[in-house]
Amino acid sequence: FLVHEKQVDISKLLCKHNRPQCLEFFNTAGTIHDYVVAVLCGLTRPLMSAQNAASWGYFNTRCGTWNLKILRDSGFPTCLLPTIAKSGAIAGKTVHEWYGVPEGTEVGVALGDFQCSVYSCMTEKTDAVLNISTSAQLSFAQAPDFLPPARPNPTASVAYFPYFDGKYLAVAAALNGGNVLASFVGMLKQWTQELGQEIPQSTIYSQSIHAALNVARTDLVVKATIFGERHSPDQLASVTNISPSNLSLGHVTRALCRGIAENLNSMLPCQWLIESGVQRIIGSGSALTRNEVLQQEVEKVFTLPIVYGKTVDSAVGVAMVMLDRR
C-alpha cells in the first residue's frame, strides 16, 4: 500500500511547489507511529487520530476533518491524507505474532505524546498538570461543552489540544523551563573556566540550589525568557532591580526560579485555573521535582495545592487510555 514501504510527514509535502517530482513515489502520508500501526494491522491505508492530525495543522478539530478546501485551493495533494479515527479507537488487530504479542491482538490508533503524558497523571477531572523538564507545560482539561476558537490566535499564550471523549486540553507550552537553569549553570561553568578553575556542572547546580535555600526571598527580578516564547518570540530575558545586596549566587538563583514560575503564570494565570474549577496541580518533571527552590517559587505563584511525585509517562498513559475504554 506504500511505495517503498515509506510514509511522508506532512512537512515534507511543502516540497510540492519546489520539488513536485519527489511526491511521485508516495501514495499516502502519516506519522511514523501511524505507519507502525498500519503494518501491525495490515491496513491498506493508515488511520490517524484527531490528536496527531491536529499537530499537523490544516485540521478542523471541531468537526474532525481536514481543511480540504484550503488545501485543494493551494494545490496540496489531499489524496495523500490519512483517514481520521477517534482518539482511543481500535485501529485493527495484529495480523501476525510480533515479539511475543499474539496474532489477533487489538491495536489502538496512535495517540499524541503530550495528551498521553497528561492522562498518565491527571487522576481527577479537577487536576491541572505542571511539567517542568527541559521546557515547561501547564495544562488542564476543559469542560465537555467547550469549543476552541474557530480561528487559532498565533499571539495567544494558551493553545487547545484535542484530548479524549470530545474534550480539549488548555495548554500553556513554555519554551523556557529547565533549559533556563541549564543555561545559567553552563554560564557559571564557563566563567569559572575563564577564571582558571574547573568545577563540575553538577557541583555548580547543587551549590546554586543550596545557596538559594538560604535566601528566603529576593527583590532581584529576572524575566527568564531567554529562549523567547512561541506567542512572543522576541520577548527575551532581562534582569532588573539590581542592587549591591542582591548579587549573591543565592539571590540570583532564587530570582531565576521565580522568573520561570512567573512566566508560566503569565501564560496561564492561576486565577484562570481557579475559575475553571481546578482544585490542585500535579507537579512533575525532573527540573521541578529535583529543585526545592523552584518548587517553593512555583508554590508562591500558584496558590492551589501542588502534589509532587506522580510520574508523567506517555507509554503508561496510552496503556491507561486503552484499558479505560475496554
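The coordinates are above.
So, a few notes on the structure that sits alongside this text. Keep in mind that what you see is a predicted model, and the values were worked out from it rather than measured.

Right, let's get into the pattern of salt bridges. In total, this model carries eight salt bridges according to the counting rule given. Between Asp127 and Arg280 there is a salt bridge, with the nearest N and O atoms lying 2.7 Å from each other. One end of the pair, Asp127, is in strand S7 (residues 127-132); the other, Arg280, is in strand S13 (residues 280-284), with 153 residues separating them in the sequence. Residues Arg258 and Glu297 are paired through a salt bridge, measuring 3.0 Å at the closest nitrogen-oxygen approach. A residue pair is termed long-range when its members are at least 10 positions apart, and Arg258 in helix H7 (residues 249-267) and Glu297 in helix H10 (residues 292-301) qualify at 39 residues. Given the relative accessible area of 2%, Glu297 is considered buried. One network of salt bridges, in which partners are shared, links Arg254, Arg258, Glu262, Glu297 and Lys300.

Close contact between helix H5 (residues 178-194) and H7 brings their axes to 10 Å; oriented N to C, the two are set at 155°. Considering the angle they form, H5 stands roughly antiparallel to H7. Of the two elements, H5 crosses H7, and the hand of that crossing is right-handed. In this structure, H5 uses Val180, Leu181, Phe184 and Leu188 to contact H7, whose residues at the interface are Leu249, Val252, Thr253, Leu256, Cys257 and Ile260. For the contact of H5 with H7, the residue count by class is nine nonpolar, one polar and no charged.

Another aspect to go through is the layout of surface pockets. Considering only enclosed or pocket space, the largest pocket measures out at about 1,200 Å³ in volume. Elements with a contribution of two residues or more to the lining of the largest pocket: helix H2 (50-56), strand S2 (59-60), helix H4 (113-121), strand S9 (159-162) and strand S10 (168-174). The class makeup of the residues in the lining of the largest pocket is 20 nonpolar, 14 polar and four charged. Empty space within the second largest pocket amounts to approximately 620 Å³. Lining of the second largest pocket is provided by 25 residues; of these, Glu106, Val107, Gly108, Val318 and Met322 occupy positions nearest its centre. Counting only elements with at least two residues in the lining of the second largest pocket, the list comes to helix H1 (32-41), strand S6 (106-108) and helix H11 (314-324). Residue composition of the lining of the second largest pocket, by class: 16 nonpolar, six polar and three charged.

The next point concerns the packing of aromatic side chains. In this structure the tally under the stated criterion is nine aromatic pairs. Here Phe146 and Tyr160 contribute two aromatic rings whose centre-to-centre distance is 4.8 Å and whose plane-to-plane angle is 45°, an arrangement assigned as tilted. In this pair, Phe146 sits in the loop between strand S8 (136-141) and S9 while Tyr160 sits in strand S9, placing the two residues 14 residues apart along the sequence. Here Tyr160 falls in the partly exposed class, since its relative accessible area comes to 23%. For the ring pair Phe146 and Tyr168, a centre distance of 6.0 Å and an interplane angle of 75° mean the geometry is edge-to-face. Of this pair, Phe146 sits in the loop between S8 and S9 while Tyr168 sits in strand S10, and the two are 22 residues apart along the sequence. Overall, the relative accessible area of 4% leaves Tyr168 in the buried class. Ring pairing ties together the aromatic residues Trp56, Phe59 and Trp66, which thus form one cluster.

What counts as what
Residues numbered from 1 in each chain as written. Predicted model: local features only at pLDDT ≥ 70, side-chain atom pairs only at ≥ 80, totals over all residues. Heavy atoms only, no water. Salt bridge = Lys/Arg side-chain N within 4 Å of Asp/Glu carboxyl O. Helix = DSSP H or I, 4+ residues; strand = E, 2+ residues; numbered from the N terminus. Buried < 20%, exposed > 50% of the residue type's maximum accessible area, 1.4 Å probe, protein only. Axes fitted to C-alpha atoms, helices over the stretch in contact; angles between N-to-C directions. Parallel < 35°, antiparallel > 145°, perpendicular 65-115°, else oblique. Left-handed = near helix turned anticlockwise from the far one by under 90°. Contact = heavy atoms within 4.5 Å. Nonpolar A, V, L, I, M, F, W, Y, C, P; charged D, E, K, R; others polar. 1 Å grid on protein atoms, 1.4 Å probe; cavity = no way out; pocket = protein on both sides within 12 Å on 5 of 7 lines; lining within 4 Å. Points joined across faces, edges and corners; volume = space filled by probe spheres on them. Phe/Tyr/Trp six-rings, centres within 6.5 Å; stacked < 30°, edge-to-face > 60°.

On their own, these measurements won't tell you what the molecule is for.
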